[in-house]
Amino acid sequence: MQSFLFDPALVSVQGYRLKEASAPILRNVIERDGDIAMNYIVETMKHRSLFLEDICEIIQTLQTTKFVDITQTEVKKMPALVGDLGRVNLDVGWLETNT
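Note on numbering: residues in each chain are counted from 1, in written sequence order. Totals for whole chains, interfaces and linings use all residues, but because this is a predicted model, local features are given only for residues with pLDDT of at least 70 and pairs of side-chain atoms are given and counted only at 80 or more. Note that water and hydrogens are dropped before the side-chain values are worked out from all heavy atoms of the structure.

Asks: I keep staring at the nonpolar core and nothing clicks. Help me out?
Replies: Note on soluble globular proteins: their nonpolar side chains tend to be buried together. By nonpolar core is meant a set of buried Ala, Val, Leu, Ile, Met, Phe, Trp, Tyr and Cys residues that side-chain atoms within 4.5 Å join together. Exposure categories follow from relative accessible area, calculated using a 1.4 Å probe and restricted to protein chains: below 20% of the type maximum is buried, above 50% is exposed, and the middle band is partly exposed. One finds Leu-26, Leu-52, Ile-55, Leu-90 and Leu-95 to be the most contacted residues of the largest nonpolar core, which totals 24 residues. Any two residues having at least one pair of non-hydrogen atoms within 4.5 Å are treated as being in contact. Ile-55 has contacts with Ile-36, Leu-85, Leu-90, Val-92 and Leu-95, leaving out every residue within four places of it along the chain.

Structure, rendered in C-alpha cells:
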C-alpha cells in the first residue's frame, strides 16, 4: 500500500492517486459531478483510485476513439464495468447513458 501512495508515476487529484494522463479527466469529472466515489462502498483509497482510473480510461477511449474503431471487446467491457461500479455506489449514472 505504501508504494502505491508514493509511486512517483502517479499524481494526486483530491487524494486519489492515478496516472498523470488520467488526472485532467478526473479533475473535469469532479468539477462537473463532484466526488463520484464519495459513497463508494470500498473504503481504501488505493481501490477507489484504481476504479476511478478505469472510469478515466473509458472516458478517454470515448473521447479519443471513433466509434467504428472501438473493438467489440471494449464495447462489451465498458458498459459492464460502468454497471458494476454503479452497483457498488460509484456515482456513474451520467456515464451509463454514454456507454
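Once the structure has been displayed, the description carries forward.
Asks: Just checking my understanding: could you explain the pairing of strand E2 (residues 16-19) for this structure?
Replies: Side-chain direction in a regular strand flips from residue to residue, so the side chains alternate between the two faces of the sheet. Relative to E2, strand E1 (residues 10-13) runs antiparallel, the two being bridged by four bridges. Residue pairing for E2: Ser-12 is matched across the bridge by Arg-17. A pair of strands is labelled paired if DSSP reports no fewer than 2 bridges between them. For the purposes of this entry, the term helix denotes a DSSP run of H or I that reaches at least four residues, the term strand denotes a run of E that reaches at least two, and both are numbered from the N terminus.

Asks: It is not clear to me how a nonpolar patch on the surface should be interpreted in this structure. Could you clarify?
Replies: On the surface, Phe-67, Val-68 and Val-75 cluster together into a nonpolar patch covering about 340 Å² of accessible area. Summarising the element assignment, Val-75 is placed in helix H4 (residues 72-87). The exposure class assigned to Val-75 is partly exposed, which follows from its relative accessible area of 37%. The residues that make up patches have over 30% relative accessible area and no salt bridge, and they are joined within 9 Å when like-charged or within 5 Å when they are Val, Leu, Ile, Met, Phe, Trp or Tyr. Method for areas: the Shrake-Rupley scheme with a 1.4 Å probe, in which residue coverage is limited to the protein chains shown. Each salt bridge in this description consists of a side-chain nitrogen of Lys or Arg and a carboxyl oxygen of Asp or Glu lying within 4 Å of one another.

Asks: Hey, could you run me through the packing of helix H2 (residues 23-33) against helix H3 (residues 45-64) in this one?
Replies: Packed helices, taken two at a time, are described by the angle their axes make and the gap between the axes. Only the stretch in contact is used when fitting a helix axis, every axis being a line fitted to C-alpha atoms; angles between N-to-C directions are given from 0 to 180 degrees. Interaxial distance between H2 and H3 falls to 9 Å at its minimum, and their mutual angle equals 95°. Between H2 and H3, the crossing angle belongs to the class labelled roughly perpendicular. On H3, the residues that touch Ile-25, Leu-26 and Val-29 of H2 are Leu-52, Cys-56, Ile-59 and Gln-60. Here the term charged refers only to Asp, Glu, Lys and Arg, the term nonpolar to Ala, Val, Leu, Ile, Met, Phe, Trp, Tyr, Cys and Pro, and the term polar to all other amino acids, Gly among them. Residues of the contact of H2 with H3, tallied by class, amount to six nonpolar, one polar and no charged. In these notes the angle categories are as follows: under 35 degrees is roughly parallel, over 145 is roughly antiparallel, 65 to 115 is roughly perpendicular, and the rest is oblique.

Asks: Hey, could you run me through the environment of Phe-51 in this one?
Replies: Position of Phe-51 among the secondary structure elements: in helix H3. Put simply, Phe-51 and Leu-85 are 34 residues apart on the chain and 7.8 Å apart in space, counted from C-alpha to C-alpha.

Asks: How should I be thinking about the packing of H3 against H4 in this particular structure?
Replies: Axis separation between H3 and H4 bottoms out at 11 Å; the angle between their running directions is 140°. Between H3 and H4, the angle is such that the two are oblique. Helix-helix and strand crossings are classified by hand; for H3 and H4 the assignment is left-handed. Contact residues: H3 offers Phe-51, Asp-54, Ile-55, Ile-58, Thr-61 and Leu-62, while H4 offers Glu-74, Met-78, Leu-81, Val-82 and Leu-85. Partitioned by chemical class, the residues of the contact of H3 with H4 number eight nonpolar, one polar and two charged. In this scheme the crossing of two helices becomes right-handed for a clockwise turn of the near helix relative to the far one and left-handed for an anticlockwise turn of less than a right angle.

Asks: I keep staring at the packing of aromatic side chains and nothing clicks. Help me out?
Replies: Aromatic rings considered in pairs are described by the distance between their centres and by the relative angle of their planes. For Phe, Tyr and Trp, where Trp contributes only its six-membered ring, two rings pair if their centres lie within 6.5 Å, and the inter-plane angle classes them as stacked under 30 degrees, edge-to-face over 60, or tilted in between. Scanning the entire structure with this criterion turns up one aromatic pair. Centroid distance Tyr-40 to Phe-51: 5.7 Å. Interplanar angle 85°. Geometry classified as edge-to-face. Pair noted here: Tyr-40 is in the loop between H2 and H3 and Phe-51 is in helix H3, with a separation of eleven residues, a long-range link. Accessibility expressed as a relative area gives 25% for Phe-51, which makes it partly exposed.

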